[in-house]
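# Structure at a glance
Take a look at the letters that make up each chain.
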Amino acid sequence: MTALTKRAFLASTVALAAALGLGQAHAQAALDTVMKNKLIKIAIPTDFPPYGFVGIDLKPQGLDIDTANLIASKLGVKVELVPVTSTNRIAYLQTKKADLVISTLGKNPEREAVIDFTVAYSPFFQAVFAAKSMKVTSFADLAGKSVAVTRGAIEDQELSKVAPPAADIKRFEDNNATVSAFVSGQTQLIATGASVAGNMMARNPQLGAEYKLLLKDSPNFIGVAKGEDALRLKVNEILANAKKAGDLDTLAKKWLGRPAGNLPE
């Protein structure tokens, strides 16, 4: 290698290192921008009770909204709630329309390839629900009782594993038929997902329905743009403190009728 070639090689190496450094600095800019502007943009659902929906005052409410407000409060900044759907929530992160996505986001390899995740903040689960007046504390208590469930759904599969032989499991073809059967009194209990149950209870408060037994847990995580480690780690710190203080359990009890429990990190 000649002296001229060496100088050219060194120059290109320095230029590459500088470019990488600038790229890293840019990728880490979200938290700095949030703190500088005293504002964090958080994408939330408005059509998925009890996690996110529009209340009678036409304002977003739900577990995800309360979590967004908690994080903004701990950061000492204002929050701008950005309504999203399940199809565009990840794109909002990638196009910087949102700093965080708090919208019942599950973690999987496909999503991990394009965005990063914080630790879990809430449970998303399938469970058995019934009227508050009905005493059900274990799956053995389902013996002799009728339970509505959607045929082939996760809750059907899980219920089949744990229900006693004497349980009267009535299977329906879709969630609407399952909910209708429980609401109309055709069955005494219903096995369904947290969101379906939350929507059902919000629309039918006269039922006095509540969470009874857990079938399967699938926790929710907060989405962060790829490479925004400073923001991700800061949110992790806030969630860890909220978990320790019991705040995450309080929010889960308020909206889901059960504690957050042992969430994965």
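Here the structure is a predicted model, which means the values were calculated and not measured. (Residues numbered from 1 in each chain as written. Predicted model: local features only at pLDDT ≥ 70, side-chain atom pairs only at ≥ 80, totals over all residues. Heavy atoms only, no water.)

## Digging into the sheet that holds strand 3 (residues 52-54)
Neighbouring strands of a sheet are bound in pairs by backbone hydrogen bonds; such pairs are parallel or else antiparallel. Quick note on the threshold: Following DSSP output, two strands are said to pair if at least two bridges run between them. Only runs of H or I of at least four residues qualify as helices and only runs of E of at least two qualify as strands under DSSP, and these elements are numbered from the N terminus.
Spatially, 2-3-4 is the arrangement adopted by the 3 strands of the open sheet, whose pairing is antiparallel. Edge positions in the sheet fall to strand 2 (47-48) and strand 4 (60-61), since each of these pairs with one other strand and no more. Across 2 bridges, the pairing between strand 3 and strand 4 is antiparallel. Directly across from Val54, in strand 4, lies its bridge partner Pro60.

## Considering the packing of aromatic side chains
As a reminder of what qualifies: Two rings from Phe, Tyr or Trp (for Trp, the six-membered ring) form a pair when their centres sit within 6.5 Å of each other. Planes less than 30 degrees apart are called stacked, planes more than 60 degrees apart edge-to-face, and all others tilted. Whether a residue is buried, partly exposed or exposed follows from its accessible area with a 1.4 Å probe, protein chains only, as a fraction of its type maximum: under 20%, in between, or over 50%, in that order.
Tallied over the entire structure, the rule returns 7 aromatic pairs. Taking the centre distance of 6.1 Å and the plane angle of 10° together, the rings of Phe48 and Phe124 count as stacked. In this pair, Phe48 sits in strand 2 while Phe124 sits in the loop between strand 7 (115-122) and strand 8 (125-131), placing the two residues 76 residues apart along the sequence. Using a relative accessible area of 19% as the deciding quantity, one classes Phe124 as buried. On the basis of an interplanar angle of 85° and a centroid distance of 5.6 Å, the ring pair of Phe125 and Tyr211 is categorised as edge-to-face. Placement of Phe125 in strand 8 and of Tyr211 in strand 12 (residues 209-217) is noted, with a sequence separation of 86 residues between them.

## Structural notes on the pattern of salt bridges
To keep things clear, this is the line we draw: Counted as salt bridges are all cases of a side-chain nitrogen of Lys or Arg within 4 Å of a carboxyl oxygen of Asp or Glu.
In the structure shown here, the tally under the stated rule is 10 salt bridges. Between Asp66 and Lys254 there is a salt bridge, with the nearest N and O atoms lying 3.0 Å from each other. Of this pair, Asp66 sits in helix 3 (residues 63-75) while Lys254 is found in helix 10 (residues 247-256), placing the two residues 188 residues apart along the sequence. Salt-bridge contacts for Glu237 lead to Lys234; the nearest nitrogen and oxygen are separated by 3.5 Å. Note that Glu237 and Lys234 are positioned in helix 9 (residues 229-245) at a spacing of 3 residues, about one turn of the helix.

## Thoughts on the side chain of Thr104
Put simply, the rule reads: By the convention used here, residues are in contact when the closest approach between their heavy atoms is within 4.5 Å.
Looking at the element boundaries, Thr104 is found in strand 6 (residues 100-105). Ignoring anything within four residues of it in the chain, the contact list for Thr104 reads Phe48, Tyr51, Asp64, Arg89, Tyr121, Phe124 and Asn220.

## Examining the sheet that holds strand 13 (residues 220-225)
Operational definition: Lines fitted to C-alpha atoms define the axes, with helix axes restricted to the stretch in contact, and inter-axis angles between N-to-C directions lie between 0 and 180 degrees.
Strand order across the open sheet formed by 5 strands is 5-1-6-13-7, with mixed pairing between neighbours. Of all strands in the sheet, those bounded by a partner on one side alone are strand 5 (78-84) and strand 7. This sheet shows a mean twist of 25° between the axes of neighbouring strands, independent of strand direction. Here strand 1 (residues 39-45) pairs with strand 5 via 7 bridges, running parallel. Opposite Pro45, over in strand 5, you have Val84 as the bridge partner.

## Thoughts on helix 7 (residues 175-183)
Quick note on the threshold: When we speak of the arc, we mean the arc of directions from the helix axis to the C-beta atoms. Two N or O atoms count as a polar contact when they lie within 3.5 Å, although within protein this holds only if one can serve as hydrogen donor and the other as acceptor, and sequence-adjacent residues are included solely when both atoms are side-chain atoms.
Residues Thr178, Val179, Ala181 and Phe182 constitute the buried set of helix 7. Here the buried residues of helix 7 occupy an arc of 160° about the axis, which is enough to place them on one side. Considering only its buried residues, helix 7 is in contact with strand 8, strand 9 (146-150), strand 10 (168-172), strand 11 (189-193), helix 8 (194-203) and strand 12. Backbone nitrogen of Asn176 and a side-chain oxygen of the N-cap are separated by 3.2 Å at the start of helix 7; the cap is Asp174. In the stretch just after helix 7, Gly185 is the one whose phi turns positive, near 90°.

## Thoughts on unusual backbone geometry
Of the consecutive residues Pro49 and Pro50, the connecting peptide bond is found in the cis state with omega at 5°. Its place among the elements puts Pro50 in the loop between strand 2 and strand 3. Backbone geometry places Lys96, a non-glycine residue, at a positive phi of 60°. Along the chain, the position of Lys96 falls in the loop between helix 4 (89-94) and strand 6.

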